[in-house]
Every structure is written in structure tokens, then in C-alpha cells.
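Overview (structure and organization)
The primary structure of each chain is shown beneath.
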Amino acid sequence: MRPTLIVGLGGTGSQAVVQLKQRLDTHKRWRELEGRPERSPAVVLRAFDVDQARPQAGRVGLDDGNEDVLLNAEVGPVIRRLKDPRPGERPSFVSRWFKPADARQIREAQATAFMNNGAGQIRAFGRIAFFQDMGGDGRVRRHLTSAFDELTQRHSEVDVYVVTSIAGGTGAGLLIDTLVLLQKEAARRPGLAVSTSLFCVMPAAFRGTLSDLTYKAGEANGFAALRELHRLITTEDPVKFAWAPGQDWEMREPPVRAIYLIDGTRGGNARRLQEGYPVAITDAIYAQLLPSSRSSRSRRVNEEGRLKGHEDLYSTFGVYTVEYAWQPIVSALAVRAAARFTADLLDETTVPVPEMVDRFLSGTLDGATGVPYLLRRELGGRGVRRAAPRWLDPAEEAAPFPLLPNLEESYQDIGTSMLSRTRHGNTDLDADITQQVQRYLGKATGTPAAQRQFYPVADRNTELARRQWTVALHSAVGIMLSGGQDGGQGGVTAAERFLDAVGARVRQYETELQRAPAPEPGAKQALAEQERQSMLSSGRSGRKQLRYLAARQGALEAEVERECWERATQLLGYMIGTIGAAKAELARVRDTLGEVSRGFEAESAAVAGDRSELDAAPLRRMVPTVEEQVMERFYARCVGDPPQKGGLPERLAARRRALLWTLSPDERGEVRLHVQRGEEKPQPCTPEVLTRAIGGATGRLFDRLRHMSVFEVLETAGEDPEALAREMIEGGALLSHYDRDRHFDLQSGYAAQVPPQISEYVYADVPAEGPGHEFGTRFTDRLLAQGVTLMPITEPGEQVDYPTTDKILYFAVQHRMVLPAFTGVEGLRESYRERSDGGISPHVMVEEKGAARLEFHSARLARDGVLDDALPDLTGTALNLCADVDLLRCAAIVFAHGRLEFRRNPDQAGGTWYATPQGRQEIPVGPHRDLAKTLEPLALARTTRDADRASGIKNLAAELSEAYDDDQDAARWTRDFFLKGPPTQPGVPIPPWLWTVFTVASHIS
């Protein structure tokens, strides 16, 4: 897209900027779905305002502190200092245009309200906020600088669009200075070509939405802003702006190239458009951002007029859009699928749970075979038998237990024939047997399991059995969540039922084990000790030695059996614990999925709200209509038909099965369910992760809908292409009413031969073939027959990363228009005149403020018969003189009293104006023969010397007034002098218009 900066001022401007961001967010969403990387933007947004309530477009808002910049609205202290300046305090830059008399018109409550709710139709507040910002942290300047920096990294041409209402206070108050500051910032970058366009919403657009009093103030603001703006684009003289120390600019070129006015009427029949101006402006700007708009000649039409020195420099536009609402439709259907997916994951199941339990406990469930021997073969197969080391074996990688030693085998020579005495000493035999037992058990030696001692092997096998069981159980839960191994439909309910059934079986085995007689090695160990003591207390008795060997053998076997029984019981308890932990995690996940489901419901409502807001926007029609039948057809096209036996449609079910679920302990050892989609890393099932996983699994099902052409959608809906062409032309009627007859009455010479120029474009990418091609061809043929230029959204062969086939945008633009021929402009004049003298001025530029006062008084004097005609709108030098009305009044007094005179030079080639105080040195006022040109720099105070000369004239006028009994006598004398009319003798260097200005100034107190 064209590199562009969009600047919104005040409430209307901010709304337009956020509306454009909403449209650009559609581009961003498109890139995300296409999997394309984020890139530096070609369009940069800035909104400057003071109102704390920030606009939204659907759920899109501006980035605080970057796109959305709130200015310091504390104008109260400024107003108070202006009302009551401190002695010796340096005058502020605000005081150059907002005088103490102006400040005294402001109530404290008005300044306080401005801080929170905007300027409330007081333009001065907006401009004071601008000056405060320029003299403070410079947010406006910094954010405009950063915008240009961002855009000029890759571009040498930048388009700037400024949007504002001129009816309010903030936008209309910020307008002039922002345009000039934009020019200054652009000029700081050599080689940068900047074209600035302005979209102005005029007061008539708000008729019916504002109270009568507020609307009148808005009308006055609008006329004042247009008057100031017109001066800036037509003046041939430099205009200097100074905002703060070191922050100034001399404007030598118009700061704006095109001005679009919207006055609230539509076309020649003046049908009103009650709302939707920000949307209309957004679409008009969007049309000019498109690459193909480079070939539009309409952008250069006003430039031609300006170069020829005419005043037909204004424009208006009409816009109408038919847009395929792919994003809300795709979002709505994706959310619907995700909600169905979630509900199904929670409740539905077609998995044969009992069969899966049997397969799991028998070790034949693929992917979950780590069920220990105790369940798989012993308890599960034959019931409770005598405890044995095999009970502790894991499913895989079991270490072999050592064979239980036969203690008597080492002493076979002890027989009945030698019962009286053997060759084995009792102590030696006891030590040897103890050593054999210890070597078998490995209880004290701590030797590794590889040496096949009972306790190390039991420890190793028991731990491995636990780990393998945990993995198997967790894997089985994942299988049940995914839908089993036979294409069934699993879920949380299936997994919970599975765990319940497995837990019941394991608890049953535990009960059976506990009911069986438990091995009690204590008696046999006591017997062995008894036989040992008997043996040691006698001679080498063979009989006692054999009895001791048998007792030790029995004690060893009982110890092993008891150990196996206890460990098996603990293993079963561990299994039950892992089942409980898994169930607790599933319960948590069920709650989490419930939260996710509610989130999808809220998202569905929000998407519906987004679509409703889009549908409500005037001058934009979204297709297709939101009807259940249409949405069902789109839904079925993407997910497939539902199966006859119920459950999810096949494509949705496949996405469901593609999610992998795993249970595993986290870093704290707590069991947590994880979900994995595709090649992504497994993540814990938090609401955010589940929402992203489910949304990602279902959202891409609807990608095909994104690529449908708007022409295919319209064709499918059975619309008439010729009727659509008529709809777009009628819907895109111009947004301002213009009096063409008055246009020619106001022009003369060359301009009288140049009517307003209108161009009509329709931007669309018509399918070259396939669905929508025939519809699009008939549609464009109809428009071409009406003189509309067809513009593809993109240039041929150009690759873009935003949607181009989803919209048809009609854009009509009319250029070369004269400001007074706008019916919405002339209607403002009455309210403007009512507020031109007294009360809070609608002007923020001091020259126009003074001119408005003079023009107002001249109209009153004309009504009273004092003047033949009222002053026209003052321009040029006459306007500059109005920068200091008090100087004009004082100059009139001094001139009337003969103390302001022109003296020719001796060579008669020129001369100088002098003010001549009585008894003091005369004051040279200026060398220009034309008194107006002489007073002009003094009124503008261009230099310190000019300001001193102006003060000299004012002091002289005060001295002359003091010579009378009261000031009214001096004023009366002055008025009477000028009412006599200019002298008829030649050589008096004062033009008649200046005489009239002095006459009016003499009537201002």
C-alpha cells in the first residue's frame, strides 16, 4: 500500500483513525492466517485528543501512547495566569493570540470540564493544549517525528491524511497548528515528497445530534476554522508560527494540498446522512491507499488550479462499499466449531470403555503396556496366590531376582547317622548361615541390583514398576481423550470413566490382597532364634544344627514373602494414588474446558456484535446476510456433513483426533495434562493454551472461505449485477451539497470556464474466470457504461499480502470547488457573526479574530447608516492589520489628530511616516508610502523594533485622549473625523479601504 500517515484530531478524527485500524487489522489477520511474517507498516496511525474516553471500532482500539496520544488538558492554570498576570512575568506564547480579555470570558468550570471531556466547542482550549504540549513534553512533535522516521526508512514519498471535525473545540483548535507542524517536520527531511490532504467534517453534519446552543457554537467554529484555513492555502505572504522557545516555523507554502468537506447532505437532493462520517472518511482514504490509485488523475486536479492562482481549491467525495465479511464469518464459524469441539471433548464418547480397561490391565493396549506383572498376570489372571518376588516385576526390563538359597544344602553331611556330634562348630555354622542370608538379601551391604540380591532387585523393580505404571496410565488417559485406537470419539468423560473403572479394579485387587492371610515372619524368626540359642548352648549336636537350619530357612522364606506382600500392597496403593491424581487433573481440566467453553460463547457474542456493528455502518453493505441457512451452508462446506450415528462431522473429528494429550508431572511433581498440536511443543492445559489449541485446530477448517470473491458471494446469493451497479452509484452520492450556479457567479475569467470536476472510480478485483466471473463482468460493464472508471485494487502482476477480492469500493470525488458555493458553508455565517464580538471568539488566529470584530462592527455601522457598506471579508494586508485591533484604533486617533503624517524625502523618491508627539522626539513609523503597508509589520510585531513603534503609537493615542475631559471626547472626535470621508485633495497616501477600517476601529472601545 502507499506509504501513508493518518492523523486524527479530536473525537471525530480519533474515530476515523480507529475505523481505519479496524480495516488494517483485517489485513494483519489475513497475513497471520497466511503464515506470513509481520512487516513494518506502510500506514502509520496517530490520534491527538484530550478526551479521556477513547473510541473503539468493534473490539479494536488504538495503542495507548503510540497511536493514541492524549495531550495535557490542564488549561486552567494558563487561563488564570492570563487573567491575572504576575508583575514582571514574561508573557507566554499563548498570550500572543489569546489576550487577558479573552481569558476573562472563560469560566473555571469550562476549563475543568475540558480536562476530562474535550474542549466543548471552545477552539481556544484545543490550541492552548497544543501550545502547552509544544512548550512541555512535545508529544505531538515527537509522535509526528517518529511517524515520519518509520515511513521514510523505506520510502521517499509519503501521503498524509488529516481528519477532523471543525464544529468542536479540540479538533478545530488543533487543526491549523498541526498542519503547519506537519509541514515543518516534512521539511526537515531533504528529498522527502509529502502530499497532505485534509478531511473536514462541517457542523451541518451534526445537526440533530447537538443542542441548539451547542450547534450554534459549532457553526461559528466551523466558519472560523474554514476562514483561517482558506487564508493559509491562498496567502502569498509568509505566515509565522511560534509555539514555544525554539519551536517556530515560517509557512511559505500551503500546508495542505487537498481539502475534502463533508457537510451532512448527500448529493443534489440534500438527503441527510445522520452518522457514519468516520467510516465514510476511512473508506475514502482507504481507496487512495490502494496501489492502483497512483494512476488516478484526480489527485492532481486541485494542484493545477492552485498553480494558476484560483480559489476553486476545495473538494468533496462520495463513497460506497460492498464487502464480503469473510473475517466475521470465518470467526463466527470457527468459534462455533471450537465450541462444538469443546462440548464434545467434555461430554460425548463412543469409546468402549470396559473393553479398553481390559486391554489396558492385560497389557495389550498399544501405547500403554506398562502394567506391572502383579495386575497383568497375577491378580488380574489367577487371583491372590502366595506372595512372590514376581509380584514386584515391572512390565519391561525387570531385573531377575536371586534364587532363594537352600541353607541345608551346604550342610548335607549332617545326617541322622551323626546326630550326636558333627564336624561343624555351632558358632562357625551360625556365622556361615548368617552370611549366606545377608548375601542373598543384600540388606546391609548396599550392593547394586546387578549382583542379584533380593532387596536391591526389589527396590529397583518396584520403582520401575511404578514409573512404567504411571507412564502407562497417563498414556491410556491420553488415548481415551483422543478417542481410543479404533477411531472412536473420546474425551474427558471417556477418560474419567476409564479411570473410574481401572481404579475400581485396582481397589478390588487391593481388597482381595488385604483379605488374604498375610505372611507373618515374626513367629518363624522367633523360632529360628530359639533354635539358634539351643544349638549354641550344646555341643555339636547334628539334630540341633538341622533344626536350626530348617528354622532359618523358614524365617528367610517368610521374610521374603512378607516383603513381597507389603511391597505389592504399597504398589497397589501407589496405583490408586496415581489414578486419583489423574482424576483430580481431569476434574481441573473439565473446569478449565468449561471456562474455555464460556470464553467461546462470549467470543461468539462478540463476533456477532462485530458483525452487527459492520452491518449498521452507513455507506457500507456487508455480504452475505447473517441468516441461519447461509451460515449452515458455509459451515457444512468446511466441516462436512455430520455422521448418521451422531458425533462430530468427519473433518472436525479428524482435527479432534490430531490433538495429542499427555499426562506428566510438572517441576513440582504435580500431575498435569498437556496438549500438543502438530509439531508444537506440548503445553499445560491452561485456559489460554486450550483456547489456542482448540481454536487453531478448528480455525483452519474455514480457510477456504477467506479466498472466496465478493462476486462469487453475490452471485451465489442470486443478486442482480446491474441493480448492484445502481446501488453503488446512488450510495456513493457526494457528501456535500454544492451550488453549481453560485460556483460560476463567484468566479471570473479563466475559472468561470472551469466547472467542478468529478471523477468516479470503482476499485475491485474481478475474477478472471470461474465463480463470480460472469457476475463481475456484467457489473463492471454496467458501471463503464455510466462513465465510471474501473480500477483493479492491485496493479497487474503485483503481489500483496492483504485481501483484495473481498471488496468493491466505489469512490466519487469532485474537485475545483469554491468555498462559498458549499451550501453548508454559507449557512454558518450567521452564527459566526453573532459570536464575532463579545463572548469567546471562535477564532484561534489573532488576525482573523481581529478581522471578525471589525467586520461585525462594520455590519452594525452599515445597518445604522454610518457606512454605505459593511467591510468585506478582510484578506491580505488588511487581515494582517487586524492582528492588533488596538493598534488600529490608536493609529486612527493619532491620524485624526494630525499626529501621523507622511513626509517626502528631499529627492521626492519616497518618504517616511512619522508619529509626532507634542514636546517629544518624533517617532519614525515606517518608510512605505502606503500607510497600510507601514502599519502591517507593527501589527504583526515582526521585530522588537516594530513592537516598540506600535507601543509608541499607542502611548501617543493615550496622551491625546488624556487631553480631553474623558476618553469619550477623544473617541467622538476621531469618529467624527473619519465620518467626514477621506480628503479629496491628491497626495494623501491612504487608500479608501483603510479609511473605512479606521472608521470602524474608531467605533471599537
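All of these numbers come straight from a predicted model, not from anything done at the bench. (Residues numbered from 1 in each chain as written. Predicted model: local features only at pLDDT ≥ 70, side-chain atom pairs only at ≥ 80, totals over all residues. Heavy atoms only, no water.)

Looking only at helices and strands, the chain has 35 helices and 21 strands in total. Radius of gyration (C-alpha) of the chain: 47 Å, far over the 30 Å computed for a compact globule of 1005 residues. Dimensions along the principal axes, computed over C-alpha positions, put the chain at roughly 175 × 75 × 50 Å. Counting only residues that meet the buried cut, the chain has 55% of its 1005 residues in that class. Put simply, of all contacts in the chain between residues at least 6 apart along the chain, 76% involve residues at least 24 apart. Put simply, the chain shows about 43500 Å² of open surface, and 48% of that area lies on carbon and sulfur atoms. Positive and negative side-chain charges in the chain, numbering 125 and 136 respectively, have mean positions lying 4 Å apart. (Helix = DSSP H or I, 4+ residues; strand = E, 2+ residues; numbered from the N terminus. Rg over C-alpha atoms; globule rule 2.2 N^0.38 Å. Buried < 20%, exposed > 50% of the residue type's maximum accessible area, 1.4 Å probe, protein only. Contact = heavy atoms within 4.5 Å. Areas by Shrake-Rupley, 256 points an atom, 1.4 Å probe, with all protein chains shown as cover. Lys, Arg positive; Asp, Glu negative; His and termini not counted. Charge placed at Lys NZ, Arg CZ, Asp CG, Glu CD.)

A few words now on the sheet that holds strand β14 (residues 671–677). The sheet built from 3 strands is open, its strands ordered β13-β14-β15 with antiparallel pairing. Only two strands of the sheet have a single neighbouring strand rather than two, namely β13 (659–665) and β15 (683–684). Pairing of β14 with β15 involves 2 bridges; the strand directions are antiparallel. Pairing of V675 across the sheet is with Q683, part of β15. Packed on one face of the sheet, helix α18 (residues 542–616) meets β13 and β14 and runs near 55° to β14. Relative to the sheet, helix α20 (residues 650–658) contacts β13 and β14, its axis offset from that of β13 by approximately 25°. (Pairing = 2+ DSSP bridges. Axes fitted to C-alpha atoms, helices over the stretch in contact; angles between N-to-C directions.)

By size, the foremost hydrophobic cluster in this structure holds 165 residues, and its most contacted members are F317, F360, F498 and F702. Look past the residues within four positions of F498 in its chain and what remains in contact with it is V353, M356, V357, F360, L473, A476 and M480. One finds L9, A124, F223 and L261 within the second-largest nonpolar core, a separate group that totals 79 residues. (Core = buried A, V, L, I, M, F, W, Y, C linked by side-chain atoms within 4.5 Å.)

Bringing the side chain of T569 into the picture now. Residue position: T569 is located in helix α18. One polar contact links the side chain of T569 to the main-chain carbonyl oxygen of W565, over a distance of 2.9 Å. (Polar contact = N/O pair within 3.5 Å; in protein donor to acceptor, adjacent residues only side chain to side chain.)

A word on the confidence of the model for the chain. Averaged over all residues, the pLDDT of the chain equals 86, while 91% of them reach at least 70. With pLDDT under 50 throughout, residues 268–272 is counted as low confidence; its partners more than four residues away or in other chains account for 11 contacts. (pLDDT = per-residue confidence, 0-100.)

Throughout the structure, instances matching the rule amount to 30 aromatic pairs. Ring geometry for F199 and Y260: centres 4.5 Å apart, planes at 10°, overall stacked. Taken together, the positions of F199 in strand β5 (residues 193–201) and Y260 in strand β8 (residues 258–262) put the pair 61 residues apart, joining distant regions of the chain. Given a relative accessible area of 0%, F199 falls into the buried group. A ring pair is formed by F977 and F978, whose centres lie 5.1 Å apart and whose planes are at 90°; its orientation type is edge-to-face. Residue F978 is classed as buried on the basis of its relative accessible area, which comes to 3%. Through pairs of rings, three or more aromatic residues link up here, namely Y161, F199, Y260, F317 and F811. If you follow R336 out to its NZ or CZ, it ends over the ring of Y635, 3.8 Å from the centre. (Phe/Tyr/Trp six-rings, centres within 6.5 Å; stacked < 30°, edge-to-face > 60°. Lys NZ or Arg CZ within 6 Å of the ring centre and 35° of its normal.)

Inspection of every chain in the model, using the stated rule, returns 60 salt bridges. When salt bridges that share partners are traced, they join E585, R588, R668, E670 and R672 into one network. (Salt bridge = Lys/Arg side-chain N within 4 Å of Asp/Glu carboxyl O.)

Note: α-helices contain 3.6 residues per turn, so residues at a spacing of three or four share the same orientation. End to end, helix α31 (residues 885–896) covers 16 Å across 12 residues, agreeing with the expected 16 Å (1.5 Å per residue, within 8%). With 10 of its 12 residues buried, α31 lies for the most part within the structure. When α31 is considered as a whole, its buried residues turn out to be V885, L887, L888, C890, A891, A892, I893, V894, F895 and A896. One or two steps after α31, the chain reaches G898, where phi turns positive at roughly 70°. (Expected span 1.5 Å × (residues − 1).)

Cis geometry is adopted by the peptide bond preceding P624, which originates at V623 and carries an omega value of -5°. With respect to the secondary-structure elements, P624 resides in the loop between β12 (620–623) and α19 (628–639). One non-glycine residue, R816, lies in positive phi territory at about 60°. Tracing the sequence through the fold places R816 in strand β18 (residues 807–817). For R816, a relative accessible area of 2% puts it in the buried group. Phi angles above zero are rare outside glycine, and A941 is one such case at about 50°.

A few words now on the sheet that holds strand β19 (residues 900–904). One open sheet holds the 3 strands; their spatial order is β19-β20-β21, and the pairing between them is antiparallel. Looking along the sheet, the strands with just one partner apiece sit at the ends: β19 and β21 (923–926). Averaged over all adjacent pairs, the angle separating strand axes in this sheet is 40°, with direction ignored. By the bridge criterion, 3 bridges tie strand β20 (residues 911–915) to β21 in an arrangement that is antiparallel. When the sheet's bridge partners are listed, A915 is paired in β21 with I923. Contacts between helix α32 (residues 931–940) and the sheet are confined to β19, β20 and β21, with β21 contributing the most and set at about 105° to the helix.

Here we come to a positive patch on the surface. Where like charges cluster on the molecular surface, the positive patch consists of R633, R637, R651 and R704. Looking at where R637 falls in the secondary structure, it is placed in helix α19. (Patch = residues over 30% accessible without salt bridge, like charges linked within 9 Å, V, L, I, M, F, W, Y side chains within 5 Å.)

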